[in-house]
Amino acid sequence: MPAYRIAEAAGLLGVSDDTVRRWIDSGRLPASRDGGGPAHVDGADLARLAAQLHEAPEPGTTRGSSARNRLTGIVTRVVRDTVMAQVEIQAGPFRLVSLMSREAADELGLDVGVRAIATVKATQVSVDVP
């Protein structure tokens, strides 16, 4: 399972590093340290918090952006069958859902807690792994 540094976790959640540190200190977000090094957050724990934090924006509310946005986020859910996969990504306040072949999801290694980039163009969402 991937692990993220505090700054990476903050970027994926759309909050400050200090906010993530406070969540760790309060027990809201579990973290571990290897040999006294910097704190790391497990990807699955980060995905659970991301899904809890952000509700969908109000209809008609948008940020200044173009149709070719690349939204970095964390995978919060993956449903696979024999042919297709449904991948959900929380990118700041935005929840994105992409339908792709199971083969593509497997090749990208898309699982809960993995950082992914959703590229949105018109009505299509493409997913890349950094």
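Please read these numbers as outputs of a predicted model, since none were measured by experiment.

## Concerning the overall build of the protein chain
Check the secondary structure of the protein chain and you find four helices and eight strands. When its helices and strands are written in sequence order, the protein chain yields β-α-α-β-β-α-β-β-β-α-β-β. Among the 130 residues that make up the protein chain, the fraction classed as buried is 34%. Partitioning the contacts of the protein chain with sequence separation of at least 6, the portion at a separation of at least 24 is 54%.

## Topic: the environment of Q52
With respect to the element layout, Q52 can be found in helix 3 (residues 43-53). Among the residues examined, Q52 registers a relative accessible area of 60% and is labelled exposed. As a C-alpha pair, Q52 and Q90 span 38 residues in sequence and 9.9 Å in three-dimensional space.

## Details of the sheet that holds strand 3 (residues 39-42)
Reading across from one edge, 1-3-2 is the order of the three strands in this open sheet, with antiparallel pairing throughout. Either end of the sheet is taken by a strand with one partner, and the two such strands are strand 1 (3-5) and strand 2 (32-33). As defined by bridge partners, strand 1 adjoins strand 3 across three bridges and the pair is classed as antiparallel. Across the sheet, A3 pairs through a bridge with D42, a residue of strand 3. Here helix 1 (residues 6-13) sits on the sheet and contacts strand 1 and strand 3; the angle it forms with strand 1, its principal contact strand, is near 95°.

## A word on the pairing of strand 3
Going residue by residue along strand 3, you find A39 and V41 tucked away on one face and H40 and D42 left uncovered on the opposite face. The pairing of strand 2 with strand 3 spans two bridges and is antiparallel. When the sheet's bridge partners are listed, R33 is paired in strand 3 with A39. Connecting strand 2 to the next strand, strand 3, in antiparallel fashion are five residues, including G35 with a positive phi near 60°.

## Considerations on the confidence of the model for the protein chain
Residues with a pLDDT of 70 or more make up 87% of the protein chain, whose mean pLDDT is 85. Taken as a whole, residues 62-67 scores under 50 in pLDDT and shows five contacts with residues more than four places along the chain or in a different chain.

## Remarks on a nonpolar patch on the surface
A contiguous nonpolar surface patch, about 370 Å² in accessible area, is contributed by V83, M84, V97 and L99. One can find V83 in the loop between strand 4 (70-80) and strand 5 (84-91). With relative accessibility at 54%, the residue V83 sits in the exposed group.

## Let's talk about the packing of helix 1 against helix 2 (residues 17-26)
Across the interface, helix 1 lies against helix 2 with an axial gap of 8 Å and an inter-helix angle of 105°. As judged from the angle between their axes, helix 1 and helix 2 are roughly perpendicular. Between helix 1 and helix 2, the residues in contact are I6, A7, A9, A10 and L13 and D17, V20, R21, W23 and I24, respectively.

## A closer look at the nonpolar core
Ranked by size, the top nonpolar core spans 16 residues in total, and within it L13, V20, L29, L46 and I74 carry the most contacts. Every element with two or more residues in this core is listed here: helix 1, helix 2, strand 3 and helix 3. For this core, the leading source of residues is helix 1, giving five residues. Those residues in contact with L46 that sit more than four places away from it in its chain are Y4, A9, L12, L13, L29, V41 and I74. Residues A91, M100, A105 and A116 belong to the second largest nonpolar core, which totals 14 residues.

Reading the values: rules and limits
Residues numbered from 1 in each chain as written. Predicted model: local features only at pLDDT ≥ 70, side-chain atom pairs only at ≥ 80, totals over all residues. Heavy atoms only, no water. Helix = DSSP H or I, 4+ residues; strand = E, 2+ residues; numbered from the N terminus. Buried < 20%, exposed > 50% of the residue type's maximum accessible area, 1.4 Å probe, protein only. Contact = heavy atoms within 4.5 Å. Pairing = 2+ DSSP bridges. Axes fitted to C-alpha atoms, helices over the stretch in contact; angles between N-to-C directions. pLDDT = per-residue confidence, 0-100. Patch = residues over 30% accessible without salt bridge, like charges linked within 9 Å, V, L, I, M, F, W, Y side chains within 5 Å. Areas by Shrake-Rupley, 256 points an atom, 1.4 Å probe, with all protein chains shown as cover. Salt bridge = Lys/Arg side-chain N within 4 Å of Asp/Glu carboxyl O. Parallel < 35°, antiparallel > 145°, perpendicular 65-115°, else oblique. Core = buried A, V, L, I, M, F, W, Y, C linked by side-chain atoms within 4.5 Å.

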